[in-house]
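Coordinates in review
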Amino acid sequence: GAGVSQSPRYKVAKRGQDVALRCDPISGHVSLFWYQQALGQGPEFLTYFQNEAQLDKSGLPSDRFFAERPEGSVSTLKIQRTQQEDSAVYLCASSLGGTWDEQFFGPGTRLTVL
Amino acid sequence: AQRVTQPEKLLSVFKGAPVELKCNYSYSGSPELFWYVQYSRQRLQLLLRHISRESIKGFTADLNKGETSFHLKKPFAQEEDSAMYYCALTRSGGYQKVTFGIGTKLQVIP
């Protein structure tokens, strides 16, 4: 079956623009995670959903970052008033169970803020 | 706070030589450790986790709680092992966010 998909794959935004990144997890996966990966770094946790509930948003770097998963399936990560330091690859992952389960990653969205 | 340390950003070995990718962690609870791998132009995927005690593609990793380490080993490196390897840590049972290390790029020289 299909794996985790993300769109767009690449996004270029001017500083100050708002962006929305989409994640389609594997069907039936309860858990969904967002990570930010800067160049030369490992994935950094942003937020975690269990079905539609956002149980942990402690990794969101500022109130410009907002995530939702309203029906417990597709998720959207929104970044308002983008800054240059937001440039990174944004990874989405899903798992059947919780954080102790294998995570299946999407291909990522590369965001470049000019 | 939990932390994962991968001291080598790049590890180069010759084909057929043994490989050891180091991972040390800092965590006060009961840890669950993983190794994820990213091959060129592919997405991040699970290689192995300590609880399963499996050998995947010839790789093994043993959790050493005394040394707080989870090093990844393979006795004979293959060219197809060239990739980025990330060590990851979470809590065993219950919720805890997953913390990834910075990653080690393994380069197997033919």
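Everything that follows concerns the structure shown earlier in this document.
All of the points below concern the structure found in this document. Bear in mind the structure is a predicted one, so any value in this text is a computation, not a measurement. (Residues numbered from 1 in each chain as written. Chains lettered and ligands numbered in written order. Predicted model: local features only at pLDDT ≥ 70, side-chain atom pairs only at ≥ 80, totals over all residues. Heavy atoms only, no water.)

Once that is clear, we can look at the side chain of B:His50. Structurally, the position occupied by B:His50 is in the loop between strand 6 (45-49) and strand 7 (60-61). Apart from residues no more than four positions distant in its own chain, B:His50 is found in contact with B:Pro31, B:Glu32, B:Leu33, B:Leu63 and B:Phe70. (Helix = DSSP H or I, 4+ residues; strand = E, 2+ residues; numbered from the N terminus. Contact = heavy atoms within 4.5 Å.)

Bringing the environment of B:Gln6 into the picture now. Residues and elements named next belong to chain B. Among the structural elements, Gln6 can be located in the loop between strand 1 (3-5) and strand 2 (10-14). Classification of Gln6 as buried rests on a relative accessible area of 5%. Taking the C-alpha atoms as reference points, Gln6 and Thr60, 54 residues apart in sequence, are found 17 Å from one another. Apart from the residues lying within four places of it in its own chain, the contact partners of Gln6 are Lys22, Trp35, Tyr85, Tyr86, Cys87, Gly101, Ile102, Gly103 and Thr104. From its side chain, Gln6 meets the backbone oxygen of Tyr85 in a polar contact 3.0 Å long. (Buried < 20%, exposed > 50% of the residue type's maximum accessible area, 1.4 Å probe, protein only. Polar contact = N/O pair within 3.5 Å; in protein donor to acceptor, adjacent residues only side chain to side chain.)

We now examine the state of the cysteines. All names here are of chain A. On inspection of all chains with the given rule, the structure shows two disulfides over all chains. Cys23 shares a disulfide with Cys92; S-S distance 1.8 Å. On the sign convention where negative is left-handed, the bridge of Cys23 and Cys92, at about -65° about the S-S bond, is left-handed. Highlighted residues: Cys23 in strand 3 (residues 19-24) and Cys92 in strand 9 (residues 88-95), separated in sequence by 69 residues. (Disulfide = S-S within 2.5 Å.)

To continue, consider the sheet that holds strand 8 (residues 75-79) of chain A. All names here are of chain A. Spatial ordering of the open sheet is given by 1-3-8-7, a layout of four strands whose pairing is antiparallel. Single-partner strands in this sheet number two, and they are strand 1 (5-7) and strand 7 (65-68). Looking at each pair of strands side by side, their axes are set apart by 15° on average, direction ignored. One ladder, built from three bridges, connects strand 1 with strand 3; its direction is antiparallel. In the sheet register, Gln6 faces strand 3, and the bridge partner there is Cys23. (Pairing = 2+ DSSP bridges. Axes fitted to C-alpha atoms, helices over the stretch in contact; angles between N-to-C directions.)

Each side of the interface is counted separately: chain A has 19 residues, and chain B has 20 residues. Of all residues in chain A, A:Thr99, A:Trp100 and A:Phe105 give up the largest surface area on contact with chain B, accounting jointly for 36% of the area buried on that side. Counting across the interface, chain A meets chain B through one salt bridge. Here B:Arg49 makes a salt bridge to A:Asp101, at a shortest N to O gap of 3.9 Å. Among the elements of the structure, strand 4 (31-37) and strand 5 (44-50) of chain A are those that each provide at least two residues to the side of chain A that touches chain B. Considered class by class, the residues forming the side of chain A that touches chain B number eight nonpolar, eight polar and three charged. (Buried area = accessible area lost by both parts, 1.4 Å probe. Salt bridge = Lys/Arg side-chain N within 4 Å of Asp/Glu carboxyl O. Nonpolar A, V, L, I, M, F, W, Y, C, P; charged D, E, K, R; others polar.)

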